[in-house]
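Summary of the model geometry
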Amino acid sequence: MLEFIRKLFTKEDVEVVLPKEVIPFSELLAWIEKHTSQTNKTVSDQATPLLEKLDDILFAVQENIKKLEHTALRNKNISSRELEIMKGNRGSYVLKTRLFLTPISSFSEKEKKTYDDMKEFVQKYTEQLQPYHDTTLKPYAVLQHFFANEAYAIAKNIKEIDEVIRQLKGLLQKQSVESITSLKQQMQALQVKYEEGKKLHKEKKELQEEHVRLVELEKQNMEKWKKTGEADGYKKYLTLVAKAKECEKKCVTHVDSLKQLFSILDKAIRKYGKLFPEKEAFLNSYLENPFEALRNDAVNTSSEMSAQTYAITTTLQSVKEQLLTDALDMKDDKKEKTLQELHMLTQEFFETFLKEQNQCETEKKQYDVLCSSDFANQQYKEAEYMYTTYKEKAAAVEKECVKTEEKMQALAISDACQRLQEDVVTCTKRDIEIVFEGEE
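Residues numbered from 1 in each chain as written. Predicted model: local features only at pLDDT ≥ 70, side-chain atom pairs only at ≥ 80, totals over all residues. Heavy atoms only, no water.

1. With respect to the packing of helix H4 (residues 80-109) against helix H5 (residues 115-143)
To keep it simple, the criterion reads: Lines are fitted to the C-alpha atoms to define the axes, a helix being fitted only along its stretch in contact, and any angle between axes, read from their N-to-C directions, falls within 0 to 180 degrees. Secondary structure elements follow DSSP: runs of H or I of four or more residues count as helices, runs of E of two or more count as strands, with numbering from the N terminus. In what follows, roughly perpendicular refers to angles from 65 to 115 degrees, roughly parallel to angles under 35, roughly antiparallel to angles over 145, and oblique to any angle outside these ranges. Note on residue classes: Ala, Val, Leu, Ile, Met, Phe, Trp, Tyr, Cys and Pro are nonpolar, Asp, Glu, Lys and Arg are charged, and everything else, Gly too, is polar.
At a closest axis distance of 10 Å, the pairing of H4 and H5 adopts a crossing angle of 170°. Relative to H5, the element H4 is oriented roughly antiparallel. Grouping the amino acids of the contact of H4 with H5 by side-chain chemistry returns 16 nonpolar, six polar and four charged.

2. Focus: the packing of aromatic side chains
Here a ring pair, both rings aromatic, is described through the centre-centre distance and the interplanar angle of the planes. Inclusion rule: Within 6.5 Å between ring centres, the rings of Phe, Tyr and Trp (the latter by its six-membered ring) count as paired, and their orientation is classed by plane angle as stacked under 30 degrees, edge-to-face over 60, tilted in between. Burial classes follow relative accessibility: with a 1.4 Å probe on protein chains only, a residue under 20% of its type's maximum area counts as buried, one over 50% as exposed, and anything between as partly exposed.
Applying the stated criterion across every chain yields a total of 17 aromatic pairs. Here Phe282 and Tyr286 contribute two aromatic rings whose centre-to-centre distance is 5.4 Å and whose plane-to-plane angle is 65°, an arrangement assigned as edge-to-face. Taken as a pair, Phe282 and Tyr286 lie in helix H9 (residues 280-288) at a separation of four residues, close to a single helical turn. For Tyr286, a relative accessible area of 0% translates into the label buried. Following the ring pairs from residue to residue traces out a cluster consisting of Phe100, Phe107, Phe121, Tyr125 and Tyr132.

3. Let's talk about the environment of Asp256
Here Asp256 lies in helix H8 (residues 232-275). For Asp256, a relative accessible area of 37% gives the class partly exposed.

4. Remarks on unusual backbone geometry
Of note in the backbone geometry, Asp326 takes a positive phi value of approximately 65° without being a glycine. By the element assignment, Asp326 lies in the loop between helix H11 (311-324) and helix H12 (332-344). Despite not being glycine, Asp329 shows a phi value in the positive range, around 50°. With respect to the helices and strands, the residue Asp329 is situated in the loop between H11 and H12. Judged by relative accessible area, Asp329 falls into the exposed class, the value being 62%.

Here it is in structure tokens:
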């Protein structure tokens, strides 16, 4: 049964071997003019009877599908399992057949069908035919046991459609006004693509050459950068940088030590500020940034009498007095720790702290000046800049080269040439190979 169905839908093609001619693209138009008739007919007029027949068959197959859907079983004495199998395969066969017929119906419903429409339709039909056969063989075989006549009627209609389209395909493969026009249009489109392809090929070649040049410069400057980094002068510069960082770390640690001291006094100072609101803003500046507040305090003090102490010193002394009278209401252990810290924070302590910090910052600035003016470092940075610049330029050119290659691929010149070549062979019945300039 399956073998019968396969024979129903297949037809052997006869292979014709023709001598091949190599035709330069620049000579193709003249070759076509020479090997095609000047009295060609149009396909549209010749195809009309076939298209009308296709309409009739489509109507018939749709009616036969409806019959298959609604025909009752002749044999009522079947099991529920058999009934389930029948329904499943009938539904599958009907659905797949309707899906297969949809594009055919869409083509048939077009009021005006051009040569290109018919050519595209035949191609798509040919692509869809075998998958349809493969997916409906089993449902069709099952339906032969339940609805042999109805299923065969549909299969016969499909075979008739196939025959009409085979005839239409044969008609399209003959010389015609439309086929010659189509060949010329394809040639014009291919010529545009070919010229664009040559332009892109030239651009790609130039980009590749530029990329090679930039990569070489990148390598040269990388070597130069490496040598400057290994030179004694640059090693001395790195020593200066290390000392500058060490000074910076020392300055930060020194400032942090003052922050730590005031963090211990935080609770006492805030309680004191509540008792003496006029001092609250001043004390809060010390709690937020004690080093900055101390520097401002020192500036304000230096502008007055030299014997006057920092304002923070007298204020902390007042905090200490309030703490000793228990006016700040603090627990004994916290009170004792706070008194120890307050005892340390004297005028001499603050003066010594600022002096040490200034010395540390001065030393740091000296190293910074030496580092910023170091000639070895300037050479190193210049070599690094040149290496990075050429590396970035090489990467950018490589990216452009990839984009150009993508544009060339998108033109699909080879595919367009192959389609044109196949259509020329079909139209003229001569086996040819189209080559472009420099490819013969």
